[in-house]
Amino acid sequence: MKVQVSTEFFCSYFYHAARQSIQRFREETDSHYKYYHALASIVLWQCVLESYINYLIYERGVETKKISGKQVIDLSIKQKWIAFPRIVTQQTFDETSDDFKQFVELVDLRNKLVHFKTKEMDVTLEFKPKNDPPIVDDVLQIVLHPEVSKLVFHDILAIAERALSTVDKMIIDLHKILRIDPPEFLNQEEKIKVKVLKV
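Residues numbered from 1 in each chain as written. Predicted model: local features only at pLDDT ≥ 70, side-chain atom pairs only at ≥ 80, totals over all residues. Heavy atoms only, no water.

Working note: non-glycine residues mostly have negative phi, and peptide bonds are mostly trans. Look at Gln90: it is not a glycine, yet its phi comes out positive at around 65°. Summarising the element assignment, Gln90 is placed in the loop between helix 3 (77-89) and helix 4 (98-114). By relative accessible area, Gln90 is classed as exposed at 62%. In this model, Arg179 sits at a positive phi of 60°, which is unusual for a non-glycine residue. Mapped onto the fold, Arg179 is located in the loop between helix 7 (156-178) and strand 4 (194-197). (Helix = DSSP H or I, 4+ residues; strand = E, 2+ residues; numbered from the N terminus. Buried < 20%, exposed > 50% of the residue type's maximum accessible area, 1.4 Å probe, protein only.)

So, about the pattern of salt bridges. Taken as a whole and judged by the stated rule, the model has five salt bridges. A salt bridge links Glu50 to Lys80; the nearest nitrogen and oxygen atoms lie 3.6 Å apart. Note that Glu50 is positioned in helix 2 (residues 31-59) and Lys80 in helix 3, a separation of 30 residues in sequence. Taking relative accessible area as the criterion, Glu50 reaches 27% and is therefore assigned partly exposed. Put simply, Lys169 and Asp99 hold a salt bridge, and the shortest N to O gap is 3.6 Å. You can see Lys169 sitting in helix 7 and its partner Asp99 sitting in helix 4, a full 70 residues away along the chain. (Salt bridge = Lys/Arg side-chain N within 4 Å of Asp/Glu carboxyl O.)

This is the structure:
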């Protein structure tokens, strides 16, 4: 048997995985694990945003449309969210709105966390490790120190806290621009769209 699975399913899957991470983040009291869940949710929200806009671009058949000499599908995630609705409806997001700024903040944070611009980071901090040589727990004590975590993780805890709202608003606002109903996965429903093909 051969089947085709709609790529919208993966958007839904990432969305629900991100919701699980954010729920664990909110419930966690240990700062070490709180950062784990915050990091996971930030990466997963980016997967939702990028996979969903890509799904819509292909669904509407505009992937090869050119913007400034590049195909829409090859643009950055921020450029896709601006260009796609403009191509389809001649309208787009207000880039000066708080909602859009939070979307940019979320995307930028994920990029900072994933695309390191340095091999090592030097930090000066009065700290005496419990072990000699230092072990992972000692390093985590340093990295999670408030003075250092701001440098390493930026505003991850605050951004993770509002990420669900940011992603929901972006998708709902996009659908308002497109004048179509938002996807069912925003209503907590995971949908698998499968087409069975005859072999």
